[in-house]
Amino acid sequence: MPSFHCITYGCQMNVNDSAWVARSLVRMGWVECEMEKADFIFINTCSVREKPQHKVLSMLGIIRDVNPQASVAVAGCVAQQMGEKLWEKNAHVRLVLGSDGIIHAPEAFEKIAKNPKLRLSYLKFTKEFPDRISELSFFKNVDSLPIGTLEQTTKGNDTRAFVNIMQGCNNFCAYCIVPYTRGRQKSRSIQSILDECQEWLDRGICDLTLLGQNVNAYGKDNAGDNPHFTDLLYKVAELNGLKRLHIVTPHPRDFCDDTVNAYKNLTVLAPRIHLPLQAGSNAVLEKMGRGYTNKDFMNLVDKLRKARPDIALSTDLIVGFPGETEEDFQETLRIMKEANFIASFSFVYSDRPGTKASKMPDKIDAKIGLDRLNRLMSLQNDLSDAWLKSRVGVETDVLLEAVSARPKYSEVTDHNISIEQVKNLSQQTEELTNHTSWQGHDSWGNTVNLIIPNTLNYKAGDIVPTKIVTAKKHSLLGELLIK
């Protein structure tokens, strides 16, 4: 049977799409393998920023060198943006799949496998969400799923799952290429969403994330055919087996009071929200077309914290937007402190083709942009450090994901031993094998390492009570609470 390999760049939606392609091909009898030996290589791409796009073009050259016989499919945002131009200098590219065209990947792979000289493209946007069968039923009795990642195709355990509820965007923010590469907003039918969520839960998954480019605008494009986003949250929260529910990524402008109140009423909603600010200056926000002021944003933050006092926020930030002054940048730093973001994805502005901002004057010098980014990241590091230190002493639940290779103190003989004692013991040479160090995440998304006696028979996907005892630079150390 033909073999394939998946390479994925960009957002979690791309990761999700690649995982579906991998499941579909395995169900058809195809075999996953390393890139150097694959008959077919699937590259799922991102063009939200310039650097990921360059990585894709570089990868095409690498594939040509290490596996010149392979047929290549380029999918996602770069494929939508460049289209059949990808064929001009890349003879090994046989298939181009736009964002809505990924649903055709399995059938297209089979056609090209039968005729390697064939070239196909699927670049038209659909009017409705391009829904598809999850393919999970085929793997009902299989412990691990093909997930189509660059590093490895199977992790051996399922712990968390992501469910697309919509794609595309109607906002046309001045800097953003998403409406051009993902198309206009399209919401998925609620029954299809609930069915897939339940399939994941039936596999033993207890932590779900609802995905969308503008996730909390779900249903607004369907003229009332779909429920409001908040109604969807309540329906998903009722599903058997669900313990944690996340959403990615909401737009501040579409965050209504009903959704805020859901964080008060639904304990299953994780107390962590990624809420993109983009800039703290009202002048820059207006030029970006974000549809809110910094006061509007902070009012939303205040509402969320009143509804859920333990809530934590992360964000997206752009520095060096055309015309941004030092005073504008200082406003971004001010709002960062006021919102107390625990983490942020921050970037220097870069032109994306076809966007309104790409035609704006007063571009910021690259050195100034990099200087601002460095100062912003320095502040974020301070905020992130303070957040992790604030977790010490907190009792929480940790979703176990994998045996941790990082801690040197991973095996001890007494589960009541303190972390400091464990550290000292780890430096000794005696063989200690009754405990295992695990890595997982708490409800806020923090990475937590903790030691668990093997006699308790915990496995990946279990949620265990934990007390945080130490804050590291990017993670936490915990002790299992034995009750």
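I will try to describe carefully the structure that is included in this document. The shown structure was predicted, so the numbers you read here are calculated from the model rather than taken from an experiment.

Let's talk about helix 8 (residues 257–265)
- Turning to helix 8, its buried residues are Thr259, Val260, Ala262 and Tyr263. Down the axis of helix 8, the buried side of the element spans an arc of 150 degrees, and every buried residue falls inside it.
- As for helix 8, its buried residues are in contact with helix 7 (229–237), strand 11 (244–248), strand 12 (272–274) and helix 10 (294–307).

What to know about the packing of aromatic side chains
- Following the criterion strictly, the structure yields 11 aromatic pairs and no others.
- Taken together, Trp30, Phe40, Phe42 and Phe109 form an aromatic cluster joined through their ring pairs.
- Lying across the ring of Phe347, Arg49 places its NZ or CZ 3.7 Å from the centre.
- When the ring centre of Trp444 is taken as reference, the NZ or CZ atom of Arg391 above it lies at 4.3 Å.

Some remarks on the sheet that holds strand 13 (residues 312–319)
- With respect to topology, three strands assemble into an open sheet ordered 12-13-14, the strand pairing being parallel. In this open sheet, the two strands that pair with only one neighbour each are strand 12 and strand 14 (343–348). For this sheet the average axis-to-axis angle between neighbouring strands, irrespective of direction, equals 10 degrees.
- Across six bridges, strand 13 lies against strand 14 in parallel orientation. Among the inter-strand pairings, Leu317 is bridged to a residue of strand 14, identified as Ser346.

Re the packing of helix 7 against helix 8
- For the pair helix 7 and helix 8, interaxial distance at closest approach is 9 Å and the crossing angle is 20 degrees. Classified by the angle between their axes, helix 7 and helix 8 sit roughly parallel to one another. The interaxial crossing formed by helix 7 with helix 8 has right-handed handedness. Contacts between helix 7 and helix 8 involve Phe229, Thr230, Leu233 and Tyr234 from the former and Asp258, Thr259, Asn261, Ala262 and Asn265 from the latter.
- Here the contact of helix 7 with helix 8 is built from residues that sort into four nonpolar, four polar and one charged.

Concerning the side chain of Thr332
- Note on placement: Thr332 falls in helix 11 (residues 326–339).
- Polar side-chain contacts of Thr332 include one of 2.8 Å to the backbone nitrogen of Gly280.
- Discounting chain neighbours no more than four positions away, the residues touching Thr332 are Ala279, Gly280, Ser281, Leu317 and Leu376.

Notes on the state of the cysteines
- Across all of its chains, the model carries zero disulfides by this definition.
- The closest cysteine sulfur to the non-disulfide-bonded Cys77 is located on Cys46, 5.9 Å from its own sulfur.
- What makes Cys77 buried here is its relative accessible area of 5%.
- Not part of a disulfide, Cys197 finds its nearest cysteine sulfur in Cys206, a span of 13 Å.

Quick word on the sheet that holds strand 17 (residues 447–453)
- Spatially, five strands are ordered 15-16-17-19-18 in a closed barrel, and the strand pairing comes out mixed. This sheet shows a mean twist of 50 degrees between the axes of neighbouring strands, independent of strand direction.
- Strand direction decides the pairing type here: strand 15 (residues 395–403) and strand 16 (residues 435–441), joined by four bridges, are antiparallel. Bridging from a neighbouring strand, Leu400 pairs with Gly440 of strand 16.

A word on helix 2 (residues 50–66)
- When the terminal C-alpha atoms of helix 2 are compared, their 25 Å separation across 17 residues agrees well with the 24 Å that a helix rising 1.5 Å per residue should span.
- Along helix 2, the residues that are buried comprise Pro52, Gln53, Val56, Met59, Leu60, Gly61 and Ile63.

Some words on the nonpolar core
- Leu210 and Leu304 are the most contacted members of the largest nonpolar core, which totals 73 residues.
- When near neighbours in sequence (up to four residues on either side) are disregarded, Leu304 contacts Phe255, Val260, Tyr263, Ile273, Leu275, Ile311 and Leu313.

Quick look at the pattern of salt bridges
- Under the counting rule described, the total for this entry stands at 20 salt bridges.
- Among the salt bridges present, the one from Arg132 reaches Asp17, with a minimum N-O distance of 2.8 Å. One end of the pair, Arg132, is in the loop between strand 6 (120–122) and strand 7 (160–164); the other, Asp17, is in helix 1 (residues 12–27), with 115 residues separating them in the sequence.
- Exposure remark for Asp17: the relative accessible area of 2% places this residue in the buried category.
- Close ionic contact of Asp310 with Arg308 constitutes a salt bridge, the shortest N to O distance being 3.1 Å.
- Here the residues in one salt-bridge network are Glu324, Glu326, Asp371, Arg372 and Arg375, joined through shared partners.

So, how was this worked out
- Residues numbered from 1 in each chain as written.
- Predicted model: local features only at pLDDT ≥ 70, side-chain atom pairs only at ≥ 80, totals over all residues.
- Heavy atoms only, no water.
- Buried < 20%, exposed > 50% of the residue type's maximum accessible area, 1.4 Å probe, protein only.
- Helix = DSSP H or I, 4+ residues; strand = E, 2+ residues; numbered from the N terminus.
- Arc of directions from axis to C-beta.
- Contact = heavy atoms within 4.5 Å.
- Phe/Tyr/Trp six-rings, centres within 6.5 Å; stacked < 30°, edge-to-face > 60°.
- Lys NZ or Arg CZ within 6 Å of the ring centre and 35° of its normal.
- Pairing = 2+ DSSP bridges.
- Axes fitted to C-alpha atoms, helices over the stretch in contact; angles between N-to-C directions.
- Parallel < 35°, antiparallel > 145°, perpendicular 65-115°, else oblique.
- Left-handed = near helix turned anticlockwise from the far one by under 90°.
- Nonpolar A, V, L, I, M, F, W, Y, C, P; charged D, E, K, R; others polar.
- Polar contact = N/O pair within 3.5 Å; in protein donor to acceptor, adjacent residues only side chain to side chain.
- Disulfide = S-S within 2.5 Å.
- Expected span 1.5 Å × (residues − 1).
- Core = buried A, V, L, I, M, F, W, Y, C linked by side-chain atoms within 4.5 Å.
- Salt bridge = Lys/Arg side-chain N within 4 Å of Asp/Glu carboxyl O.

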